[in-house]
Amino acid sequence: LQNRFNESVFTSAQEENAIEGVQVEDADLADFDNSEVLELIEAHPLGILPMLNEECVVPQGSDVTFHEKLVKAHGANRRFKKVLRARDAFEVVHYAGRVQYSATGMLGKNKDTVSEDMLVLMQASDDPIVRAVFGVGSAQQGQLARKKG
């Protein structure tokens, strides 16, 4: 989808430049192909996001082990770079440049837990469907227990 968007935008800009008589060197759209990056981020089972989701459910999963697994899985990928000066960092090389990420805190941000206060509020809802979804023994209760444990 992103490739189609890029192609459409760049083609439209080239056509507009031609109509207006602006001389611009034709861009090679292959330079703007982000499919390798999308594959790195989304591919199952070894994309960054699937690996992050997996690490969230591993009992001893941590930001450190997540980073180590990323480096092991993608160290040879030209779109992935380990940052040597930061032990928890990695870079994704997009067509527009490098973007640095810190693995610290990624697992905590990715876990879909419900706070205890929110759970109590939902269980006291006037709506019977909401009460049923957030009732005692629901999946959220299990996630809350994991969060406390």
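For the structure given in this document, a descriptive report is provided here.

## Details of the packing of aromatic side chains
Here is step 1 of the chain: Summed over the entire model, instances satisfying the criterion amount to two aromatic pairs.
Here is step 2 of the chain: Pairing F90 with Y101 gives two aromatic rings, centres 5.5 Å apart and planes at 25 degrees, and the pair type is stacked. In this pair, F90 is assigned in strand β2 (residues 89-94) and Y101 in strand β3 (residues 97-102), connecting sequence segments 11 residues apart.
Here is step 3 of the chain: When its relative accessible area of 1% is taken as the criterion, F90 is described as buried.
Here is step 4 of the chain: Given a relative accessible area of 29%, Y101 falls into the partly exposed group.

## Digging into the packing of helix α3 (residues 48-57) against helix α4 (residues 63-74)
Here is step 1 of the chain: It is at 10 Å that the axes of α3 and α4 come closest, and there the two elements cross at 145 degrees. Read as a crossing pair, α3 and α4 show a hand that is right-handed. When α3 is examined against α4, the residues I48, M51, L52 and E55 are found in contact with a partner set consisting of T65, F66, K69, L70, A73 and H74.
Here is step 2 of the chain: When the residues that make up the contact of α3 with α4 are grouped by side-chain class, the tally is six nonpolar, two polar and two charged.

## Details of the side chain of H74
Here is step 1 of the chain: Tracing the sequence through the fold places H74 in helix α4.
Here is step 2 of the chain: Judged by relative accessible area, H74 falls into the buried class, the value being 7%.
Here is step 3 of the chain: Once residues lying within four places of it in the same chain are set aside, the contact partners of H74 are L40, L46, G47, I48, M51 and F80.

## Quick notes on the packing of helix α2 (residues 35-42) against α3
Here is step 1 of the chain: Relative to each other, α2 and α3 sit at 10 degrees, their axes nearing to 3 Å. As the angle between them shows, α2 and α3 are arranged roughly parallel. Residue-level contacts link L40, I41 and E42 of α2 to I48, L49 and P50 of α3.

## Some thoughts on the pairing of β2
Here is step 1 of the chain: With six of six residues buried, β2 is to be regarded as a mostly interior element.
Here is step 2 of the chain: Side chains of β2 alternate between two faces, with A89, E91 and V93 and F90, V92 and H94 buried alike.
Here is step 3 of the chain: As paired elements, strand β1 (residues 80-82) and β2 share three bridges and run antiparallel to each other. In the strand pairing of β2, K81 is matched with E91.

What counts and how
- Residues numbered from 1 in each chain as written.
- Predicted model: local features only at pLDDT ≥ 70, side-chain atom pairs only at ≥ 80, totals over all residues.
- Heavy atoms only, no water.
- Phe/Tyr/Trp six-rings, centres within 6.5 Å; stacked < 30°, edge-to-face > 60°.
- Helix = DSSP H or I, 4+ residues; strand = E, 2+ residues; numbered from the N terminus.
- Buried < 20%, exposed > 50% of the residue type's maximum accessible area, 1.4 Å probe, protein only.
- Axes fitted to C-alpha atoms, helices over the stretch in contact; angles between N-to-C directions.
- Left-handed = near helix turned anticlockwise from the far one by under 90°.
- Contact = heavy atoms within 4.5 Å.
- Nonpolar A, V, L, I, M, F, W, Y, C, P; charged D, E, K, R; others polar.
- Parallel < 35°, antiparallel > 145°, perpendicular 65-115°, else oblique.
- Pairing = 2+ DSSP bridges.

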